[in-house]
Amino acid sequence: MSDNPYINWLSMSDKALIGTIGSFVQHHRLNQNKSQSSVAEDAGISRSTLSLLERGEKITLNSLIQVLRVLDLLYIMNAFKINNEISPIEYARLQKNKRQRARNKSKTLNSNEDLEW
């Protein structure tokens, strides 16, 4: 994994991206002084699956999430959070319907009400 903060993720191959994820997991596991066996056991996966992940091999998304949870790394899921934003077209539509001035609430008389027989 490169220390360059300006990595062009778009130009990386899928294999390179998976390798980056594996290096990330391995780095944090080692920083927490945890063995592959203990992380794998806590995550409910085999040690070989964790080894595959750290080497940049294909594993299931479920296994990755379990490992991230064990290593207390689920904060990276914030990158996938969807913020509800209003589209510019919808905003313009709302502004168009926005009240521009106050109106008098005078009661209009029905033409029959005015007649007193």
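In this text the structure is predicted, and so the values were computed from the model without any measurement. (Residues numbered from 1 in each chain as written. Predicted model: local features only at pLDDT ≥ 70, side-chain atom pairs only at ≥ 80, totals over all residues. Heavy atoms only, no water.)

**With respect to the overall build of the protein**
Logical step 1: The secondary structure content of the protein amounts to five helices and zero strands.
Logical step 2: Along the chain direction, N to C, the helices and strands of the protein fall in the order α-α-α-α-α.
Logical step 3: Residues classed as buried in the protein amount to 21% of the 117 residues present.
Logical step 4: When the accessible surface of the protein is summed, it comes to about 10,100 Å², and 51% of that surface belongs to carbon and sulfur atoms. (Helix = DSSP H or I, 4+ residues; strand = E, 2+ residues; numbered from the N terminus. Buried < 20%, exposed > 50% of the residue type's maximum accessible area, 1.4 Å probe, protein only. Areas by Shrake-Rupley, 256 points an atom, 1.4 Å probe, with all protein chains shown as cover.)

**A few points about the environment of Gln66**
Logical step 1: Residue placement: Gln66 occurs in helix 4 (residues 61–70).
Logical step 2: In this structure Gln66 comes out as partly exposed when scored by relative accessible area, which is 24%.
Logical step 3: Apart from residues lying up to four places away in sequence, Gln66 is in contact with Ala43, Gly44 and Ile45. (Contact = heavy atoms within 4.5 Å.)

**Considerations on the nonpolar core**
Taken as a class, soluble globular proteins show a tendency for nonpolar side chains to be buried jointly.
Logical step 1: Among the nonpolar cores identified, the biggest contains 14 residues, and Val25, Leu50 and Val67 are the most heavily contacted of them.
Logical step 2: Secondary-structure elements contributing two or more residues to this core are helix 1 (14–31), helix 2 (36–43), helix 3 (47–54) and helix 4. (Core = buried A, V, L, I, M, F, W, Y, C linked by side-chain atoms within 4.5 Å.)

**Quick notes on helix 1**
Logical step 1: Between its first and last C-alpha atoms helix 1 spans 26 Å; for 18 residues at 1.5 Å apiece the expected length is 26 Å, and the two agree.
Logical step 2: Here helix 1 has its buried residues at Thr20, Gly22, Phe24, Val25, His28 and Arg29.
Logical step 3: Packed against the buried residues of helix 1 are helix 2, helix 3 and helix 4. (Expected span 1.5 Å × (residues − 1).)

**Considering a nonpolar patch on the surface**
Logical step 1: Together, Ile86, Tyr91 and Leu94 give the surface a local cluster of nonpolar side chains, amounting to about 300 Å² of exposed area.
Logical step 2: Along the chain, Leu94 turns up in helix 5 (residues 88–96). (Patch = residues over 30% accessible without salt bridge, like charges linked within 9 Å, V, L, I, M, F, W, Y side chains within 5 Å. Salt bridge = Lys/Arg side-chain N within 4 Å of Asp/Glu carboxyl O.)

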